[in-house]
Every structure is written in structure tokens, then in C-alpha cells.
Amino acid sequence: MMQLYQPLNILGFAYREIKQSLIDMEKMFSLLNVKQEVEDRPDARPLQVDGAAIAFDNVHFRYEEDRPILKGVSFTARPGEKIAIVGHSGAGKSTISRILYRFYDIDEGSVTIDGQDIRDVTQDSLRAAIGMVPQDTVLFNETIGYNIAYAKPGATQDEIEQAAQMAQIHDFVTGLPKGYDTVVGERGLKLSGGEKQRVAIARTILKNPPILILDEATSALDSVTEQGIQTALRNVAESRTTLVIAHRLSTIIDADRILVMDDGQIIEQGTHAELLAKGGDYAELWQRQQEDRQAAE
Ligand code: ADP
Ligand code: MG
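Residues numbered from 1 in each chain as written. Chains lettered and ligands numbered in written order. Predicted model: local features only at pLDDT ≥ 70, side-chain atom pairs only at ≥ 80, totals over all residues. Heavy atoms only, no water.

A. Representation of the overall build of the chain. Along its length, the chain carries 10 helices and 10 strands. With 297 residues in all, the chain has 46% of them scored as buried. Contacts in the chain between residues far apart in sequence, at least 24 positions, make up 73% of those at least 6 positions apart. Approximately 15600 Å² of the chain is accessible, and the part contributed by carbon and sulfur atoms is 49%. (Helix = DSSP H or I, 4+ residues; strand = E, 2+ residues; numbered from the N terminus. Buried < 20%, exposed > 50% of the residue type's maximum accessible area, 1.4 Å probe, protein only. Contact = heavy atoms within 4.5 Å. Areas by Shrake-Rupley, 256 points an atom, 1.4 Å probe, with all protein chains shown as cover.)

B. Expanded view of the coordination of the magnesium ion (ligand 2). Listed as protein donors to the magnesium ion (ligand 2) are Ser 94 (OG) and Gln 135 (OE1); their distances from the metal cover 2.1 to 2.4 Å. With Ser 94 in helix α2 (residues 93–100) and Gln 135 in the loop between β6 (130–133) and α4 (144–149), this residue pair connects regions lying 41 residues apart in the sequence. Classification of Ser 94 by relative accessible area gives buried; the value is 13%. (Donors = N, O, S within 2.8 Å, 3.2 Å for Na, K, Ca; no water.)

C. Structural context of the site of ligand 1. Near ligand 1 lie 14 residues; those nearest to it are Arg 67, Gly 90, Lys 93, Ser 94 and Thr 95. A distance of 3.2 Å separates an oxygen atom of ligand 1 from a polar backbone atom of Ala 91. Between an oxygen atom of ligand 1 and a side-chain N or O atom of Lys 93, the distance comes to 2.8 Å. Relative to its unbound accessible surface of 560 Å², ligand 1 loses 69% to contact with the protein. Of the pockets mapped on this structure, ligand 1 occupies the second largest pocket. Residue assignment for the shell around ligand 1 shows that the elements contributing at least two residues are β1 (54–64), β2 (67–77) and α2. Take the shell around ligand 1: its biggest share by element is four residues, from α2. Residue composition of the shell around ligand 1, grouped by class: four nonpolar, six polar and four charged. (Near = heavy atom within 4 Å. Polar contact = N/O pair within 3.5 Å; in protein donor to acceptor, adjacent residues only side chain to side chain. 1 Å grid on protein atoms, 1.4 Å probe; cavity = no way out; pocket = protein on both sides within 12 Å on 5 of 7 lines; lining within 4 Å. Sits in = over half its atoms within 2 Å of the grid points. Nonpolar A, V, L, I, M, F, W, Y, C, P; charged D, E, K, R; others polar.)

D. Structural context of the pattern of salt bridges. Counted under the stated rule, the structure contains 12 salt bridges. Arg 248 is the salt-bridge partner of Glu 216, the closest N and O atoms lying 3.6 Å from each other. Here Glu 216 is found in the loop between β7 (211–215) and α8 (223–237), whereas its partner Arg 248 is found in the loop between β8 (241–245) and β9 (257–262), with 32 residues between them in sequence. According to the relative accessible area criterion, Arg 248 is buried, its value standing at 14%. Here the salt bridges do not stand alone but share partners, grouping Arg 78, Glu 81 and Arg 257 into one network. (Salt bridge = Lys/Arg side-chain N within 4 Å of Asp/Glu carboxyl O.)

This is the structure:
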């Protein structure tokens, strides 16, 4: 029995090493409950990142027949720029992030990174270039250390802790009796939305991608947690092309450009100051959030 088990075990180990990223991707897909319907072209080449400029050009997309979701979305992000996307729930903000990550292929238009259509490059290389911190972070039922390190197999404990520090979660973790060995998730410690998102930010810092997508958690956060997340985001967004989907406008005042979305279209676009001066939808949203903030204080 042992004789049979041993080679299989070694084979299994090698297989696991090689396929680790693929397996994790599959895990992620099943956790996110996303159909894996896109395929590499036979002649797909690896994405060559040079500054990581992003361009959406007249993008149309629907999840289901007869229900258009994105209706001609165009915008650009120059290398290192921070682009914010705001708008009502259901406007199509998260869909933009899913399309950039190529969870789905679009129906019309194009999405390019440094001039390369994302349909022409391998999914592996595309996703290696993007750090995605989703709206509702799902963690594996594993230790916090594992959850941070999994984007970079073989990361040292030092690297893990450095990333956690930048993500403003290190002190929280070291305060736990088992520290980085604490198992989280359904069968372990339950983390709050803000804590989970900071773990995901730490993971992304370790992955060190040229492109970053942050989909802010919708749930209300206490102001200490919000401050922590904002600091974490500023740390990680530096020198990367960043797409921030924001609910709290206070997070994105410093964005190079703010896209205001409504019903699958960009209805306003500009800096915070420009959009306030314009006195349109953004200015109204800003005004309302200021009032809410004052009422809360
Ligand atoms: P936002 O992030 O701005 O709140 P989303 O991009 O998540 O909006 O969703 C835009 C629209 O697409 C919503 O009406 C939503 O119900 C719909 N939608 C999102 N995901 C799916 C899906 N997997 N299948 C069908 N419709 C979807
Ligand atoms: Mg969303």
C-alpha cells in the first residue's frame, strides 16, 4: 500500500505545485459563483504590461438576452492613474470590474490594456496583472497567513507580515491568540466585512500587480475601520493603475478622474472639483453624503 501511495503522493505534490494557481482560480470561481465561459484564443499571447494603460471603448454587455447592462461605456486610465466609479446600486459598476478581469466577454466595443485587446491575451497573464479586491471578499477556510499568502506561493512570513502591516490588519492579527495561524471562515474565526477586505488588500499587496481594482464594501463601516481601509488603499494604489468603485465619496476626492454611472452609461466624468462645479448628479450625491455624515455626528 505504502509503495503505491508514495509515488502517487509525490506526483500529487508536483501536480499541486504546478497547478496551484489554476486550482485557486477554480476555487475562486466556484466561490464567486461565476460561470467560466471565456476561453483563450488558440493564438493567445501573454499580456505585455508597459505602464498599464486601460481603455474601454464603446463597451456593450449583457448577462442575459434582452437585458443590456453596459450601454456604450468608454473611458481611459493612463498609467498610474486612479479612476473612481460611482453611481447607484445596479448601475453597472461591478460589471466593469468583472469585464476588465474577463470573467465575461463583451458583446460590442473593446477593452484594451497597453493597446492589447484583452480577448487576444491569455487569461492567466491578464489575471496575473490585476489585483482584485472584490466587494464581498470571500476567504478560504484556512489560516489568515494562508489567505494572505495564496496569491504568492512561497511567500515568507516576513513578506506576509509586511503586507498585512500596509493593509492595516497586522495589529489585529497579532492580537489573536493564534496570530497568523488563526483559521478563518465558516469553521473558524468570523471576520467583519472590513477585516476581510483588509486581508484581501494584504493579499493584493503581496501579489504586487500593475493594475488594481477595488470594489468598496457596501456595508456601513465604523470610522476607525474606514480610516484603516483608506490608508491601506492609498498604500496599495500608489504607482499602479487603479480602478476604485466607491460608495463613500470621501474615499475618492483625490482620484484623477471620477466616472458617474447610471443605468449602464457614464453620465458625468471629471475630477471631484470639476464635478462639484458642474452641479450635476455627482454634486447632488456629494451633498447628500455630507448631510448624512453631519446627521451621524
Ligand atoms: P453595481 O455594482 O453598480 O451595483 P452591477 O454591475 O453589480 O451593479 O450590476 C448591474 C446590473 O447587472 C444589475 O441590474 C444586476 O442585477 C445585473 N447583474 C449583475 N450580475 C448579474 C449576473 N451574474 N446575471 C444577471 N444579471 C446580473
Ligand atoms: Mg457593485
